[in-house]
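# Observations on chain architecture
One-letter residues, chain by chain:
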Amino acid sequence: QVQLVESGGGLVQAGGSLRLSCAASGRTFSSYAMGWFRQAPGQEREFVAAITWNGGNTNYKDSVKGRFTISRDNAKNTVYLQMNSLKPEDTAVYYCAASVARYYATSSYLGYNYWGQGTQVTVSS
């Protein structure tokens, strides 16, 4: 089992940047693929980005390609989401998640076994 704690959220103006972090504890971090999801008020949770256990493959939601970058540091048990050129529509609670299917950067919510509590990102126009 793994415990996940997100940080780095906050309020930023449109066009600005934030870097989210997700620290993992418990089972060996490299045993998992990692993903980021987000949920805006009144909407379903949606996929944002994912990365395989060694960072060899990544996957992104189309609307964040070229603006967001997912990365991981297995020595620090941490996955990151660098978000640039933020837009008001990026406003949501952002969650990190861990998948035991570590070779796949899956976009499916059902593919993830463990979830963090989330961190709020608010982008003002």
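Residues numbered from 1 in each chain as written. Predicted model: local features only at pLDDT ≥ 70, side-chain atom pairs only at ≥ 80, totals over all residues. Heavy atoms only, no water.

Residue position: Arg72 is located in strand S7 (residues 68-73). No salt bridge is formed by the buried Arg72. Its closest oppositely charged neighbour is Asp73, at 8.3 Å. In this structure the side chain of Arg72 is engaged in a polar contact, spanning 2.8 Å, whose partner is the backbone oxygen of Tyr32. Once residues lying within four places of it in the same chain are set aside, the contact partners of Arg72 are Phe29, Ser30, Tyr32, Ala33, Met34, Ile51, Thr52, Trp53, Gly55, Thr78, Val79 and Tyr80. (Helix = DSSP H or I, 4+ residues; strand = E, 2+ residues; numbered from the N terminus. Buried < 20%, exposed > 50% of the residue type's maximum accessible area, 1.4 Å probe, protein only. Lys, Arg positive; Asp, Glu negative; His and termini not counted. Salt bridge = Lys/Arg side-chain N within 4 Å of Asp/Glu carboxyl O. Polar contact = N/O pair within 3.5 Å; in protein donor to acceptor, adjacent residues only side chain to side chain. Contact = heavy atoms within 4.5 Å.)

With that settled, the discussion passes to the environment of Ser71. Its location among the elements puts Ser71 in strand S7. Counting along the chain gives 28 residues from Ser71 to Gln43, while the straight-line C-alpha distance between them is 26 Å. Filtering out sequence-adjacent residues up to four positions away, Ser71 remains in contact with Ile51, Val79 and Tyr80.

This paragraph deals with the pattern of salt bridges. All chains considered together, the criterion is met by five salt bridges. Between Arg38 and Glu46 there is a salt bridge, with its nearest N and O atoms 2.6 Å apart. On the accessibility criterion, Glu46 (26% relative accessible area) is partly exposed. We note a salt bridge from Asp90 to Arg67, for which the minimum N-O separation is 2.8 Å. Placement of the pair is Asp90 in the loop between strand S8 (78-83) and strand S9 (92-99) and Arg67 in the loop between strand S6 (58-60) and S7, with a sequence separation of 23 residues. Assessed through its relative accessible area of 1%, Asp90 is described here as buried. Owing to a relative accessible area of 10%, Arg67 belongs among the buried residues under this scheme. Residues participating in the shared-partner salt-bridge network are Arg38, Glu46, Lys61, Arg67 and Asp90.

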